[in-house]
Structure formats: C-alpha cells, structure tokens
Amino acid sequence: METFIYSGMDDATVTTTRSSLFNPVSNYQEILNEFENCYESYEGKPQGDKLFWVASESNEGIILVVNDCIMSHTFMDEADLDGMIEFMKSNGNSEAAIEFMTKHVEELYAADFIELIALPGQTITIQITDLEYGNTESEMNT
C-alpha cells in the first residue's frame, strides 16, 4: 500500500494522544494495521515511525496511544474527494477505510481513529501530551 497520511505536526514536535481504557470493535487490530500501512512519519521523528501503539490490552479493553495528534493527507489541500476515493480503491484500501477518510477530508485527528475503533456507548478520556505546548485532556462519547 502507498502512504498518503502524514503527520500534521512540526518536524521535531513530540506529541502523543492516549485514550483511557475502552472496548474496541473485534477487528480493531486489522483497522489499525491498514491505516498504519498508509502512514509515513517524519524521518527521525522522536517517537519513531509507528503511528499506533496498544499500551494495554486485557479483557476489560485496550488503551491506545497514537504517536501524533493531527494528521494530514495527500488529498486535504485540494479536497479532491473523488480523487481520494479512486486512489484508495486502487491502493487496496477497504470500504470502511474509504468511508472513514471521506468523513475526514478537511481535518484528521488521532482521536478520530480512537472513535473509529471504539464500540458505541462509551465515554473515553483523551489525553494529548505535547512537549512544546503543554497537555490537554477531554472526553469523547461514542
């Protein structure tokens, strides 16, 4: 698969997004792997080149860390929805991934991926650690 998702942060910025414990959909690892294969980090990024990291996995759920906060993608600047869909189809992306990306043409956040894999009816705390601008915390209802 070709990459088309990139970090939206400055080159040397160290930012991570961490969820609280939540129950994911059964195929969450498959979903994360697909987007991982479409992501390209900055070379030499302090967090490494991996986008997702499951910090904890148990019968109670998972805690997901995303080694970024804001992402960009190839089709964001021109908002070429048709071009993005055709590219993703030829790239071998799933219908679920294509549908997700069409909803995030203008903005794409790490929390969007957490929401994608979370089962409905949960309140998830999202913690953003930004070594330059400070930390924030919010809640998301699925």
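The structure we're discussing is the one just above.
Only a predicted model underlies this, so the values are computations on that prediction, with no experimental measurement involved. (Residues numbered from 1 in each chain as written. Predicted model: local features only at pLDDT ≥ 70, side-chain atom pairs only at ≥ 80, totals over all residues. Heavy atoms only, no water.)

Attention shifts here to the nonpolar core. Ranked by internal contacts, the top residues of the largest apolar core, which has 35 residues, are Ile5, Phe35, Met101 and Ile117. Contributions of two or more residues to this core are made by α1 (28–36), β5 (61–66), α2 (81–90), α3 (95–102), α4 (110–117) and β8 (123–130). Excluding its chain neighbours within four sequence positions, the residues that come into contact with Ile117 are Phe22, Asn23, Pro24, Val25, Tyr28, Ile31, Leu32, Ile62 and Leu64. (Core = buried A, V, L, I, M, F, W, Y, C linked by side-chain atoms within 4.5 Å. Buried < 20%, exposed > 50% of the residue type's maximum accessible area, 1.4 Å probe, protein only. Helix = DSSP H or I, 4+ residues; strand = E, 2+ residues; numbered from the N terminus. Contact = heavy atoms within 4.5 Å.)

Relative to the helices and strands, Leu51 resides in the loop between β3 (39–40) and β4 (52–58). Judged by relative accessible area, Leu51 falls into the buried class, the value being 0%. The spacing of Leu51 and Ser41 is ten residues in sequence and 7.8 Å in space, taken between C-alpha atoms. In this structure, Leu51 is in contact with Glu36, Tyr39, Val65, Val66, Asn67, Asp68 and Met71, ignoring residues within four places of it in sequence.

What follows deals with the sheet that holds strand β7 (residues 108–109). Across a sheet, strands are paired by hydrogen bonds formed along the backbone, either parallel or antiparallel in direction. Taken together, the four strands give an open sheet; going across it, the order is β3-β1-β6-β7, and neighbouring strands pair in mixed fashion. Bordering the open sheet on either side are β3 and β7, each of which pairs with just one other strand. Inspection of the sheet shows strand β1 (residues 5–7) paired to strand β6 (residues 70–73) by three bridges, in the antiparallel sense. Bridge assignment links Ser7 to a residue of β6, and that residue is Met71. (Pairing = 2+ DSSP bridges.)

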